[in-house]
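As a plain string of letters, each chain reads:
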Amino acid sequence: MDIVVFGAGSLGSLVGGLLAREHDVTLVGRNPHVERIEGDGLTIDGQLDVRVTPTATTDGTDLTADLAVVAVKAFDTDAAARTLATGSFDAALSLQNGMGNEATLASHIDCPVLAGTITYGAMLVAPGRVECTGIGHLVVGPRDGGTDPLADHTGAAFDAAGIETTVATDMPRRLWRKLAVNAAINPITALARVENGAILDSPAADIAASAARETARVARADGVELADHDAVAALESVASATADNRSSMLQDVENDSRTEVDAISGYVVDRAEEVDVKTPTNRTLAGAIRAWESGRGLR
Ligand SMILES: NC(=O)C1=CN([C@@H]2O[C@H](COP(=O)(O)OP(=O)(O)OC[C@H]3O[C@@H](n4cnc5c(N)ncnc54)[C@H](OP(=O)(O)O)[C@@H]3O)[C@@H](O)[C@H]2O)C=CC1
Ligand SMILES: CC(C)(CO)C(=O)C(=O)O
């Protein structure tokens, strides 16, 4: 299968590198990372030991492939979609956190857009080298739910490359459940500067549970069956399983980088207003992170 991975940073380089073991992969990223890959190949270390030589480019325009995998930060999705729209693909797949990415892609790209949730951990540590910080699992499916041969074919392609993949018919529910987890963990760990597990038994535990419950209420108003207790259970399960992890939002804050708050807490608040649900906890967390970003000149 010919695959373009658009956004060859941490996650895109890990996934693209693993896919390159089995498929013809083109990574779209930035220099010096792209130059190093072109010159010496890509190394995946940490919990994996892989060396591959995918094609790499900084120019994502006019590309053609069976599949476009999108792995940019959520705030770059619109620009990525406009660039991908200059090319031709049989399908696109978002591996991103946050909500709204698939709709944004579908508004620009003339092919079916699949949704994905992935629990691998990745860190781009040097040009040409990405560390796998956690081996996880990919779930992929039609973004509106149901079945689609394209999802089956995509799942089989990832499985063939050694990426354990489940093809699911309930991606809306999975995306909302993942959003509840991110809305609960990411802003709190970023503001408190703590690892994921620290919020389980801290004063922040009630805040995290409240953020998750609010997200579940918005999901239900959006027509997706996600019970409050399911959202809280997912939060507790992930916080426990990734207890020693520093969330992506904490890493962004520590790196003085823009966060994905608008696609996480901000999305919950914005969608809630459309369906007349009150989300005071998510509103407060979104405001605090945005205040930090403003103070750093990041928005
Ligand atoms: N890292 C992880 O372990 C996981 C990440 N995710 C999610 O995956 C997504 C990506 O995260 P992550 O990999 O950490 O982020 P990174 O910032 O490491 O990777 C995104 C990369 O895409 C590049 N990029 C953006 N726009 C373009 C463009 N037009 N052309 C070329 N390159 C471009 C960025 O470059 P630049 O910064 O210079 O614009 C950056 O190098 C996020 O939604 C994240 O939440 C999900 C699970 C795990
Ligand atoms: C699930 C969690 C919180 C794991 O760290 C994550 O997806 C992130 O950090 O963005």
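Residues numbered from 1 in each chain as written. Chains lettered and ligands numbered in written order. Predicted model: local features only at pLDDT ≥ 70, side-chain atom pairs only at ≥ 80, totals over all residues. Heavy atoms only, no water.

K.L.:
For this particular structure, what's the right way to read the overall build of the protein?
P.N.:
A tally of helices and strands in the protein yields eleven helices and twelve strands. A compact globule built from 299 residues would reach a C-alpha radius of gyration of about 19 Å, and the protein, at 18 Å, matches this within 12%. Here the protein, with 299 residues, has 51% of them falling under the buried criterion. Within the protein, contacts between residues at least 6 apart in sequence are counted, and of these 67% link residues at least 24 apart. Summed over all atoms, the accessible surface of the protein reaches about 12400 Å², with 45% contributed by carbon and sulfur. (Helix = DSSP H or I, 4+ residues; strand = E, 2+ residues; numbered from the N terminus. Rg over C-alpha atoms; globule rule 2.2 N^0.38 Å. Buried < 20%, exposed > 50% of the residue type's maximum accessible area, 1.4 Å probe, protein only. Contact = heavy atoms within 4.5 Å. Areas by Shrake-Rupley, 256 points an atom, 1.4 Å probe, with all protein chains shown as cover.)

K.L.:
What exactly am I supposed to notice about the packing of helix H3 (residues 77-84) against helix H4 (residues 101-108) here?
P.N.:
Angle between the axes and distance between the axes: these two values describe a pair of packed helices. Between H3 and H4, the shortest axis-to-axis distance is 8 Å and the interhelical angle comes to 30°. Considering the angle they form, H3 stands roughly parallel to H4. The handedness of the crossing between H3 and H4 comes out as right-handed. Counting all contacts with H3, which are made through Thr77, Asp78, Ala81 and Arg82, the residues of H4 involved are Asn101, Thr104, Leu105 and His108. Residue classes in the contact of H3 with H4 are distributed as two nonpolar, four polar and two charged. (Axes fitted to C-alpha atoms, helices over the stretch in contact; angles between N-to-C directions. Parallel < 35°, antiparallel > 145°, perpendicular 65-115°, else oblique. Left-handed = near helix turned anticlockwise from the far one by under 90°. Nonpolar A, V, L, I, M, F, W, Y, C, P; charged D, E, K, R; others polar.)

K.L.:
What exactly am I supposed to notice about the UniProt feature "domain: Ketopantoate reductase N-terminal" (unreviewed entry) in the protein here?
P.N.:
Within the UniProt annotation, "domain: Ketopantoate reductase N-terminal" (unreviewed entry) is assigned to residues 3-144. With 24% helix and 40% strand, residues 3-144 has its two end C-alpha atoms placed 23 Å apart. (UniProt positions renumbered as here; feature names shortened; annotations may be inferred.)

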